[in-house]
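# Observations on chain architecture
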Amino acid sequence: MAKLNFGGVEETVVTREEFPLEKAREVLKDETIAVIGYGVQGPGQSLNLRDNGFNVIVGQREGRTFEKAVADGWVPGETLFSIEEACRRGTIILCLLSDAAVLSVWPVIKANLKPGNALYFSHGFAITWSDRTGVVPPADVDVIMVAPKGSGTTVRSLFLEGRGINASYAVEQDYTGRALERTLALGIGIGSGYLFETTIRREAISDLTGERGALMGAIQGLFAAQYEVLREHGHTPSEAFNETVEELTQSLMPLFAAKGMDWMYANCSTTAQRGALDWKDPFHDAIKPVVERLYESVESGAEAQKSIDSNSKPGYREGLEKELNELRESELWRAAETVRRLRPENK
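Since the model is a prediction, treat every value here as computed from it, not as a measurement. (Residues numbered from 1 in each chain as written. Predicted model: local features only at pLDDT ≥ 70, side-chain atom pairs only at ≥ 80, totals over all residues. Heavy atoms only, no water.)

## Points about the sheet that holds strand β3 (residues 33-36)
In plain terms, the rule: Here, a strand pair is defined by DSSP locating no fewer than two bridges between the strands. Only DSSP runs of H or I with at least four residues qualify as helices, and only runs of E with at least two residues qualify as strands; both kinds are numbered from the N terminus onward.
Pairing within the open sheet is mixed, and its ten strands lie in the order β1-β2-β10-β9-β8-β7-β6-β3-β4-β5. Edge positions in the sheet fall to β1 (2-6) and β5 (80-81), since each has one partner strand and no second. Looking at chain direction, β3 and strand β6 (residues 92-95) are connected through four bridges and run parallel. Considered in β6, the bridge of Ile36 is made with Cys95.

Below is the structure:
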């Protein structure tokens with residue numbers, strides 16, 4: 001494990017060079033990895049592990065998702081089982097169910113855990129807010145986490161491209177004395193490009209803050225606000241969309257992802273440069289109190305409780321679809337459909 005300097009702060013990072021796939025296979029050669037849930041993270045992680053030569057089975061309730069697993073090559077009765085049977089057979093249980101589903105399935109998982117098993121998560125929600133979820137692992141198992149920094153779809157697509165998504169890792173409970181090597185082996189096995197150390201609680205809080213903030217909630221709010229102001233002042237939908245979303249996602253984001261925002265500021269027009277430098281602080285000052293309020297809501301468990309409450313309500317799916325449809329049918333994202341069709345690569 002290497003110590004790397006991140007902006008003046010030293011952190012522990014594990015790469016595939018120092019923990020190669022061959023070592024990961026050796027660490028897990030006697031393990032049966034049971035992937036529970038085949039929704040968001042399940043397909044990518046299980047398929048990557050299978051392709052990398054690990055002994056993997058999947059546990060999933062029968063239904064449409066079960067049929068998807070069959071279509072992906074998992075064989076009922078051989079590598080595809082009920083959740084209870086997969087937990088019984090596994091020595092490492094990868095709990096990749098949605099946060100809401102974990103609450104209802106946890107009694108089945110817990111009942112089938114055996115001393116020395118490892119219980120693995122890709123999100124710290126259930127453990128961090130165990131007082132609300134009821135997920136309290138027994139003392140005689142390892143409790144570990146590998147959290148890819150992206151969707152399950154990206155975990156799979158980057159693997160197929162020969163690349164790898166970065167991920168955080170944590171050891172919450174080390175019963176066997178092998179928890180760390182199991183964690184790192186699984187991280188390499190699912191195709192991580194590199195792994196950085198965290199704790200389950202820190203991951204849960206930063207993840208919920210990020211999703212509600214810069215990654216999704218805040219960026220949609222910013223897009224909508226700028227688009228609306230431009231439209232209210234007479235700009236056309238195509239112009240408002242291009243100046244708000246298209247230029248950012250298609251031109252600028254790839255550049256500052258590769259080279260940094262400092263490089264972007266140094267290499268844009270003098271007009272853009274001056275404006276960006278003048279307006280970054282007012283935006284920062286306006287937004288930081290909102291992010292602080294968001295962080296406090298996440299840290300206190302209030303956001304976790306909102307998620308638990310909303311997901312357990314009757315008719316939740318119908319209400320969610322209504323909210324998503326309102327977003328989908330907004331002029332901003334209907335304009336996006338036309339703009340995407342105009343991209344040369346889509347013609």
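Still more ground to cover, so stick around.
## Examining the environment of Arg88
Put simply, the test is: We call two residues contacting when some pair of their heavy atoms lies within 4.5 Å. Here a polar contact is taken to be a pair of N or O atoms separated by no more than 3.5 Å, where protein atoms must pair a possible hydrogen donor with a possible acceptor and residues adjacent in sequence count only if both atoms sit in side chains.
With respect to the helices, strands and loops of the structure, Arg88 is situated in helix α4 (residues 83-89). C-alpha of Arg88 to C-alpha of Lys114: the two residues are 26 residues apart in sequence and 8.4 Å apart in space. Those residues in contact with Arg88 that sit more than four places away from it in its chain are Asn112 and Lys114. Within polar-contact distance, the side chain of Arg88 engages the side chain of Glu85 at 2.6 Å.

## Quick word on the packing of helix α2 (residues 42-51) against helix α8 (residues 152-160)
Two quantities define a packed helix pair, namely the angle between the axes and the distance from one axis to the other. Using the following cut-off: Between N-to-C directions, angles cover 0 to 180 degrees, with each direction set by a line fitted to C-alpha atoms, over the stretch in contact for helices. Should an angle fall under 35 degrees it is taken as roughly parallel, and over 145 as roughly antiparallel, whereas 65 to 115 is taken as roughly perpendicular and any remaining angle as oblique. Under the convention adopted here, Pro, Cys and the residues Ala, Val, Leu, Ile, Met, Phe, Trp and Tyr are nonpolar, Asp, Glu, Lys and Arg are charged, and Gly plus all remaining residues are polar.
At a minimum axis distance of 8 Å, the contact between α2 and α8 shows a crossing angle of 25°. The pairing of α2 with α8 is recorded here as roughly parallel in orientation. Residue-level inspection shows Gly44, Gln45, Leu47, Asn48 and Asp51 of α2 in contact with α8, the latter providing Gly152, Val155, Arg156 and Phe159. Residue classes in the contact of α2 with α8 are distributed as three nonpolar, four polar and two charged.

## Topic: a nonpolar patch on the surface
This is how the line gets drawn: Excluding any residue in a salt bridge, patches collect residues exceeding 30% relative accessible area, merging like charges within 9 Å and nonpolar Val, Leu, Ile, Met, Phe, Trp and Tyr side chains within 5 Å. In short, Shrake-Rupley with a 1.4 Å probe defines the accessible areas, and a residue's cover is counted only from the protein chains shown. Any carboxyl oxygen of Asp or Glu within 4 Å of a side-chain nitrogen of Lys or Arg constitutes a salt bridge here.
Taken together, the side chains of Leu222, Trp279, Phe283, Ile287 and Val291 make up a nonpolar region of the molecular surface, amounting to roughly 490 Å² of accessible area. Looking at the nonpolar patch element by element, the count peaks at four residues for helix α14 (residues 270-299).

## Some details on the packing of aromatic side chains
Which entries qualify depends on this criterion: A pair of Phe, Tyr and Trp rings is counted when the ring centres sit within 6.5 Å of each other, with Trp represented by its six-membered ring. The angle between the planes then sorts it: under 30 degrees is stacked, over 60 is edge-to-face, the rest tilted. Comment: the charge-over-ring label is applied if NZ (Lys) or CZ (Arg) is within 6 Å of the ring centre and within 35 degrees of the ring normal.
Under the defined criterion, the tally for this structure stands at four aromatic pairs. Over the ring of Trp74 we find Arg50; its NZ or CZ atom is 4.4 Å from the centre of that ring. Cation over ring: Lys259 sits above Trp263, and NZ or CZ is 5.3 Å from the ring centre.

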